[in-house]
Amino acid sequence: MTAENKQFYRKVAVLVLPIAAQNLINTGISSIDVIMLGKVGEKVLSGASLGAQIQFIMSLILFGLTSGASVLMAQYWGKRDYYSIETVFGIAAKLAVIVSLFFTIITFCIPEHLMMLFTSDKEVIAQGTEYLRIVCFSYLVNALTMVYLNSMRNLEKVVIATVVYLISMVTNILVNAVLIFGMFGMPEMGIAGAAIGTVVARMIEFLIVIIYDRKFNDVFQFHWEYLSRKNKLLWKDFARYSAPVVANELMWGLGMSAMAAILGHMGSQVTAANSVAQVARNLATVVAFGVASAAAIIIGNTIGEGKIEQARRYGRKFIGLAVVTGILGGIVILCIRPVLLTTMTLTADAQKYLSFMLLLMALYVVAQALNTTLVVGIFRGGGDTKFGFFLDASIMWGISILGGALAAFVFHASVYVVILFVLCDEEIKVPIALLRYKTHRWLQNVTRD
C-alpha cells in the first residue's frame with residue numbers, strides 16, 4: 001500500500017468510525033419511540049411516526065444549511081482561514097434559529113392540520129397531535145446543537161458529537177421507559193411520555209455542547225459577534241452553495257414525507273410497517289452515511305489545500321468504499337428481518353407488508369449508499385451543490401412519488417405495487433450519478449483569497 005493510500009484510509013477511519021457511531025446512536029434515538037410505542041399499540045406508533053415527519057422536514061432544512069456551510073467551511077479549513085469559518089458559522093446559526101422558531105410556532109398552533117397531511121385516521125391524528133404539542137419545544141435547542149456539531153465535523157472535531165448523542169440516547173431511553181409505561185410510580189403517559197423524553201434528551205445535548213464549547217474546544221469557540229458579522233462576499237457564497245443544498249434536502253425530505261403520506265393514506269397497517277422498515281434502513285446505512293460525511297470533509301479539505309488531482313483520486317476510493325458499505329448494509333437488513341417480524345406487535349397484514357418492504361430495502365440501501373456518497377459526499381465536498389437537486393426533482397418526484405400516487409389513488413393498485421414505486425428511486429439514480437462523477441465537473445475550489 002502506498003503512503004498516500006495509508007494516509008487516506010487513516011483519515012477515513014478517524015472520521016468514519018465516530019461519525020458512524022453517531023449515526024448509529026441517532027438511529028437508536030429515533031428508533032426508541034418506534035420500538036417502545038410499538039409495544040403500546042399500532043395507532044400510537046403510527047401517530048408518533050407521522051408526527052415525527054414534521055421534525056424530519058425541519059432537520060432536513062437545517063441539514064441543508066449546515067451542508068451548504070460545510071462546502072465552504074471544509075475548504076476554508078484546508079486553507080486554515082479561521083475568520084471565514086467563523087463568519088460562515090454565524091450565518092448558518094442565525095438562519096437555523098429562524099427556521100426552528102418558525103417550525104415551533106406552526107407545530108404548536110396547528111398540529112391537527114399538520115397530521116391531516118399524512119393520514120385521515122382520526123385516532124392516529126389525535127395521537128400525533130398530542131405528541132407534536134410537546135415535542136415542538138425541542139426544536140430550537142436541537143437546531144443550535146445540530147449546527148454546532150456539524151460545523152465541528154469540518155474542523156475534524158468529530159468525537160464530541162459521539163459523546164453528546166450517546167448521553168442523549170441513554171437519557172431518552174430512561175425517560176421514555178419511565179413515562180411511557182409508568183415505571184417507578186410515575187403515571188403511564190404513552191405517546192406524551194415519548195415526547196417528553198425527546199425534549200429532555202435534546203436539552204441535555206444542548207447543555208453538553210455549551211460546556212464543551214466553553215471549556216474544552218481548543219480550535220473553535222462560539223462568540224455572539226459571529227452572528228452580527230457583515231461580509232457580503234461570504235453571504236453571497238453561502239447563498240450560492242447553500243440554496244441548492246437546502247432545496248435538495250427539502251426536495252428529498254418532502255419526498256420522503258410524501259412517500260409516508262401515500263402509504264399513510266393506505267391504512268395504519270402500512271404506516272406501521274413502513275415505520276419499522278425505515279428503522280431498519282437507518283440502521284443499515286449508518287456506516288455508508290459516515291463514509292459520505294467523511295468524503296465531503298476530506299475532499300473539501302484537500303481542494304482547499306489546492307490538491308485537485310489528489311481529490312480526484314480520493315473520489316475514486318470513496319466510490320469503492322460506498323459499494324462495500326452498501327452491500328454490508330443490505331446483508332444487515334436480511335439478517336434482522338426475521339427478528340423484526342417476530343418481535344414487533346403488528347397485525348397479520350402489517351407483518352406481510354413489512355416482510356415485503358425489508359426485502360426491497362436490502363437492495364435499496366446498496367443504491368442509497370452509492371448515491372449518498374456521490375451526491376452528499378464527493379460532489380458537495382467538491383463544491384457541486386446543484387446536481388443533487390436535479391436528481392431528486394426528476395427521479396424521486398417524477399418517477400417514484402408520481403408513480404406511487406397514481407398507483408395508489410388513480411389506479412387503486414395493490415399495496416405491494418405502491419411500495420415498489422415508492423422504493424424504486426435510488427436504483428434509478430445510480431447510473432445518472434455515476435455519469436456526473438465521470439465528468440469531473442464537481443471539482444471546484446470555492447474559497448476566496
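Numbering of residues starts from 1 in every chain and runs along the sequence as written. Owing to the predicted nature of the model, reporting of local features is limited to residues with pLDDT of at least 70; listing and counting of side-chain atom pairs is limited to 80 or more, with chain, interface and lining totals taken over all residues. The side-chain quantities take in all heavy atoms of the structure and omit both hydrogens and water.

## As for the packing of helix α15 (residues 387-410) against helix α16 (residues 415-422)
The angle between the axes and the distance between the axes are what describe a pair of packed helices.
1) Next: Closest axis-to-axis distance for the α15/α16 pair is 7 Å, and the angle between their directions is 165°. The pairing of α15 with α16 is recorded here as roughly antiparallel in orientation. α16 is crossed by α15, and the crossing has left-handed handedness. Contact residues: I399, S400, G403, G404, A407 and A408 in α15; V417, V418, F421 and V422 in α16.
2) Next: Here the contact of α15 with α16 is built from residues that sort into seven nonpolar, three polar and no charged. Whenever a helix is involved, its axis is fitted only over the stretch in contact; in every case the axis is a line through C-alpha atoms, and angles between N-to-C directions fall within 0 to 180 degrees. Put simply, DSSP H or I for four residues or longer makes a helix, DSSP E for two residues or longer makes a strand, and each gets a number counted from the N terminus. Any angle between 65 and 115 degrees counts as roughly perpendicular, while under 35 counts as roughly parallel, over 145 as roughly antiparallel, and the rest as oblique. In this scheme, a crossing is called left-handed if the near helix is turned counterclockwise away from the far one by less than a right angle; it is called right-handed if the turn is clockwise. Should any heavy atoms of two residues lie within 4.5 Å, those residues are considered in contact. Polar here means any residue outside two lists: the nonpolar Ala, Val, Leu, Ile, Met, Phe, Trp, Tyr, Cys and Pro, and the charged Asp, Glu, Lys and Arg; Gly therefore counts as polar.

## Structural notes on α16
The α-helix winds at 3.6 residues per turn, so residues separated by three or four positions along the chain end up facing the same way.
1) Next: The classification of residues rests on relative accessible area computed with a 1.4 Å probe and restricted to protein chains. Under 20% of the type maximum is buried, over 50% is exposed, and intermediate values are partly exposed. Taken as a whole, α16 has its buried residues at V415, V418, I419 and V422. Looking down the long axis of α16, one finds its buried residues gathered within 100° of arc, a one-sided arrangement.
2) Next: In this structure, the buried side of α16 is in contact with α10 (232-264), α11 (268-284), α14 (348-381), α15 and α17 (425-439). Think of the arc as the fan of directions from the helix axis to the C-beta atoms.

## Considerations on the packing of aromatic side chains
Working definition: an aromatic ring pair is given by the centre-to-centre distance plus the angle between the planes.
1) Next: Ring geometry is summarised as follows: Phe, Tyr and Trp rings, the Trp one being its six-membered ring, pair when their centres sit within 6.5 Å, and such pairs are stacked at plane angles under 30 degrees, edge-to-face over 60 and tilted between the two. In the structure shown here, the tally under the stated rule is 20 aromatic pairs.
2) Next: On the numbers, 5.7 Å between centres and 90° between planes, the contact of F102 with F103 is edge-to-face.
3) Next: Overall, F102 belongs to the partly exposed group, its relative accessible area being 48%.
4) Next: When the centroid spacing of 5.9 Å and the interplanar angle of 45° are considered together, the rings of F387 and F390 count as tilted. Of the two residues, F387 and F390 both sit in helix α15, three residues apart, roughly one turn of that helix.
5) Next: By way of ring pairs, the aromatic residues F89, Y148, F220, F222, W224 and Y226 are connected into one cluster.
6) Next: Two conditions define a charge located above a ring, namely a distance within 6 Å from the ring centre to NZ of Lys or CZ of Arg, and an angle within 35 degrees of the ring normal. Residue placement shows R80 over the ring face of W77; its charged tip is 4.0 Å from the ring centre.

## Things to note about unusual backbone geometry
1) Next: We note that F184 has phi near 55°; this positive angle belongs to a residue other than glycine.
2) Next: Assignment of secondary structure puts F184 in the loop between α7 (159-181) and α8 (191-215).
3) Next: For H440, which is not glycine, the phi dihedral falls at a positive 60°.
4) Next: Here H440 is to be found in the segment after α17.

## Here's the deal with the state of the cysteines
1) Next: By definition, disulfides here are pairs of cysteine sulfur atoms that lie within 2.5 Å. Taken as a whole, this structure holds zero disulfides when the rule is applied.
2) Next: Counting only cysteine sulfurs, C136 is the nearest neighbor of C109, a cysteine outside any disulfide, at a range of 8.6 Å.
3) Next: Assessed through its relative accessible area of 48%, C109 is described here as partly exposed.

Function-wise, these values are silent; they only describe arrangement.
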